Amino acid sequence: MTDTDKAASPETTKDRVLIFDTTLRDGEQSPGATMTHDEKLEIAELLDDMGVDIIEAGFPIASEGDFRAVSEIAKNAKSAVICGLARAQLPDIDRCWEAIRHADQPRIHTFIGTSPLHRAIPNLSMDEMAERIHDTVTHARNLCDNVQWSPMDATRTEWDYLCRVVEIAIKAGASTINIPDTVGYTAPRESADLIKRLIETVPGAGDVIFATHCHNDLGMATANALAAVEGGARQVECTINGLGERAGNTALEEVVMAIRTRGDIMPFTTGVETQKLMHISRRVATVSGFAVQFNKAIVGKNAFAHESGIHQDGMLKNAETFEIMRPEDVGLAGTSLPLGKHSGRAALRAKLKDLGVEVGDNQLKDIFVRFKELADRKKEVYDDDILALVTATTDGDLDRLQLINLKVVCGTGGPAEAALEMEIDGKEVSATCSGDGPVDATFKAVRALHPTEAHLQLYQVNAVTEGTDAQATVSVRLEEDGLISTGQSADTDTVVASAKAYIHALNRLLVRRGKTGKDVKEISYKDLH
Ligand code: KIV
Ligand code: ZN
């Protein structure tokens, strides 16, 4: 292709929309979605690898843990801009800079709530807030060439005041102006209009990039973000799986695939390699403990499933009858042939590769043992079964608490009884407890052997494949003194999966305590939203 051809090709004539991922900041601040340090590093690497333009890696002043994670992500980044969040306070901005300065391309993102309700919190008058914005953006700009500024709750801020503060931030040196719909209040036409009018009205607006940051309280986050792009925004802030507080943020995979699929009416392009979406979605679901709903657009288990006879018939004749995207485009293997008990290690390794999972030789050995056990109990082992095994096989070596054996007696006639054997710090111990159902009895037995104050915040069971021999994946979320830990496990026996998930969460709580000591957030994120 000649240069002239390239210039005229549809891809190069389309406007580039920057993808700003905030899974590790806005996503992680969703109650219960706390990730460990290593998990944050892994997700950042996947985002970078997938072609995300800007990664908001955390809120460095919020805790030591956040600071360490942002610093390390900044050091490891390959091509993404690494951004840290800071309130409109000089110590926040300094701390943020300390964390991101190691990145090849650092960005400081500073914000303040500008709507009447948010102005009332620091009790600043309009003039005082305007001065604060000028001072903090100037300070950030003196430290870093790349500064983003956000008027939090912009969609409920008075129009004249919004124009005034955006102009101040631009003059003070911000090169990206993000317009957050903090409470998910706006609607598509309004969202497009707001950006368009700001670009037309505010002096200097043509020299900066406008970003859109939407929340999903009314289920319109993706629609609002795409409308903002039509209005002139060229950066979309989003999270994997739409993770985020309350109803979540705009889902990255939805924005990227909408732009890719409807290029006819949305003449834009992103730098995201869409074939990597499925893998990162699964990893975020696993590490955050927030399972993806089955009918979630793009990455839900049913998003490409065709059950009804009419649909299946149409699909066999021509996939486009019912599919507007190809499963391969989001990283789903085209065919999913199940493995069975005669499949060997090479077949398992090939399947894992197909599923985008890379494991070392030792982990493969462990997964293979579990795969054989499962294949003995289950005729066909599907992709989702294998992914569940991978989840269940990670960080087992560090576990101080291990399940050895569990026997449960339950029925309609009385309380259930669980006889549990565990290894705790290398010592075998056992207990028998009764409870209100098999799971309650099992959890009581775990607590009899390992007393804990941790409070059970969430217990969730999903069948990963079909049939009565399907594996159940169980997610458990525990909270103790502000520390949150999630555990997951899978087994064809739901009670065994529950015991393992509970023990997994307890192990992770022990690791978090041991590693970081008092890793409780110093700033309550709730104050921001
Ligand atoms: O929703 C919001 O307003 C935010 C800001 C901190 C940008 O997350
Ligand atoms: Zn937000």
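Everything discussed here concerns the structure shown above.
If you're wondering where the values come from, they're calculated on a predicted model, not measured in any experiment. (Residues numbered from 1 in each chain as written. Chains lettered and ligands numbered in written order. Predicted model: local features only at pLDDT ≥ 70, side-chain atom pairs only at ≥ 80, totals over all residues. Heavy atoms only, no water.)

> Can you tell me about the nonpolar core, naming the residues and giving the values?
The biggest cluster of nonpolar side chains holds 91 residues, and the ones touching the most others in it are Ile82, Trp149 and Ile177. Broken down by element, the residue count for this core peaks at nine residues, all from helix H9 (residues 159–172). The next biggest cluster of nonpolar side chains, apart from the first, holds 30 residues, and it includes Ile424, Ala445, Leu478 and Tyr502. (Core = buried A, V, L, I, M, F, W, Y, C linked by side-chain atoms within 4.5 Å. Buried < 20%, exposed > 50% of the residue type's maximum accessible area, 1.4 Å probe, protein only. Helix = DSSP H or I, 4+ residues; strand = E, 2+ residues; numbered from the N terminus.)

> Describe the sheet that holds strand S13 (residues 427–435), and please don't skip the residues or the numbers.
On the basis of which strands lie adjacent, the open sheet formed by three strands has the order S11-S12-S13 and antiparallel pairing. Looking at which strands have only one partner, the edges of the open sheet turn out to be strand S11 (401–409) and S13. On average, adjacent strands in this sheet sit at an angle of 15 degrees to one another, irrespective of strand direction. Pairing geometry for strand S12 (residues 416–424) and S13, over nine bridges, is antiparallel. Paired with Met422 across the strands is Val429, a residue of S13. Along the sheet, helix H18 (residues 438–449) makes contact with S11, S12 and S13, crossing S13 at roughly 140 degrees. (Pairing = 2+ DSSP bridges. Axes fitted to C-alpha atoms, helices over the stretch in contact; angles between N-to-C directions. Contact = heavy atoms within 4.5 Å.)

> Break down the coordination of the zinc ion (ligand 2) for me, with residues and values.
Donor atoms from the polypeptide that coordinate the zinc ion (ligand 2) comprise Asp26 (OD), His213 (NE2) and His215 (NE2), at 2.0 to 2.2 Å from the metal. In the primary sequence, the donor residues of the zinc ion (ligand 2) line up as D-x186-H-x1-H. In this pair, Asp26 sits in helix H3 (residues 23–27) while His215 sits in the loop between strand S8 (209–214) and helix H11 (221–231), placing the two residues 189 residues apart along the sequence. (Donors = N, O, S within 2.8 Å, 3.2 Å for Na, K, Ca; no water.)

> Which residues make up the sheet that holds strand S14 (residues 455–463), and what values go with them?
Taking strand neighbours across the sheet as the criterion, the three strands line up as S14-S15-S16 in an open arrangement whose pairing is antiparallel. Two strands close off the open sheet at either side, each with one partner strand: S14 and strand S16 (483–491). Taking each pair of neighbouring strands and ignoring which way they run, the sheet shows an average axis angle of 15 degrees. Across nine bridges, the pairing between strand S15 (residues 472–480) and S16 is antiparallel. From the neighbouring strand, Arg477 faces S16, where its bridge partner is Thr486.

> Quick rundown of a nonpolar patch on the surface? Include the residues and the values.
Residues Leu456, Tyr459 and Val461 make up a contiguous nonpolar surface patch of about 220 Å² in total accessible area. Residue placement: Leu456 occurs in strand S14. In this structure Leu456 comes out as partly exposed when scored by relative accessible area, which is 36%. (Patch = residues over 30% accessible without salt bridge, like charges linked within 9 Å, V, L, I, M, F, W, Y side chains within 5 Å. Areas by Shrake-Rupley, 256 points an atom, 1.4 Å probe, with all protein chains shown as cover. Salt bridge = Lys/Arg side-chain N within 4 Å of Asp/Glu carboxyl O.)

> I'd like a description of the pairing of strand S7 (residues 176–181), backed by residues and values.
Along S7, six of the six residues are buried, which leaves the element largely enclosed by surrounding structure. Across the two faces of S7 the burial is the same, with Thr176, Asn178 and Pro180 and Ile177, Ile179 and Asp181 all buried. Pairing of strand S6 (residues 147–152) with S7 involves two bridges; the strand directions are parallel. Across the sheet, the residue bridging to Trp149 is Ile177, located in S7. Handedness of the crossover is the feature at issue here: the chain leaves S6, passes through H9, returns alongside S7, and the resulting connection is right-handed. (Right-handed = clockwise from strand over helix to strand, strands pointing away.)

> Can you explain the packing of aromatic side chains? Please cite residues and give values.
Taken as a whole, this structure holds three aromatic pairs when the rule is applied. Relative to Tyr459, the ring of Phe443 lies with its centre 5.9 Å away and its plane at 85 degrees, an arrangement referred to as edge-to-face. Taken together, the residues Phe443 in helix H18 and Tyr459 in strand S14 connect sequence positions 16 residues apart. Measuring from ring centre to ring centre gives 4.1 Å for Phe443 and Tyr502, while their planes differ by 10 degrees; the resulting arrangement is stacked. In this pair, Phe443 sits in helix H18 while Tyr502 sits in helix H19 (residues 494–516), placing the two residues 59 residues apart along the sequence. Side by side, Phe443 and Tyr502 carry an identical accessibility label, which is buried. (Phe/Tyr/Trp six-rings, centres within 6.5 Å; stacked < 30°, edge-to-face > 60°.)

> Quick rundown of the pattern of salt bridges? Include the residues and the values.
Close approach of charged atoms lets side chains of opposite charge pair. Enumeration according to the criterion identifies 30 salt bridges in this entry. The partner of Asp53 in a salt bridge is Arg16, and the shortest N-O contact between them spans 3.2 Å. With Asp53 in the loop between helix H4 (37–50) and strand S3 (54–58) and Arg16 in strand S1 (residues 15–16), this residue pair connects regions lying 37 residues apart in the sequence. Here Arg16 falls in the partly exposed class, since its relative accessible area comes to 39%. Between Asp153 and Arg156 there is a salt bridge, with its nearest N and O atoms 3.0 Å apart. Asp153 gets classed as buried once you look at its relative accessible area, which sits at 0%. A residue is classified by how much of its surface remains accessible, and Arg156, at 31% relative accessible area, is partly exposed. Within this structure, Arg25, Asp26 and Glu56 form a network of salt bridges that share partners.

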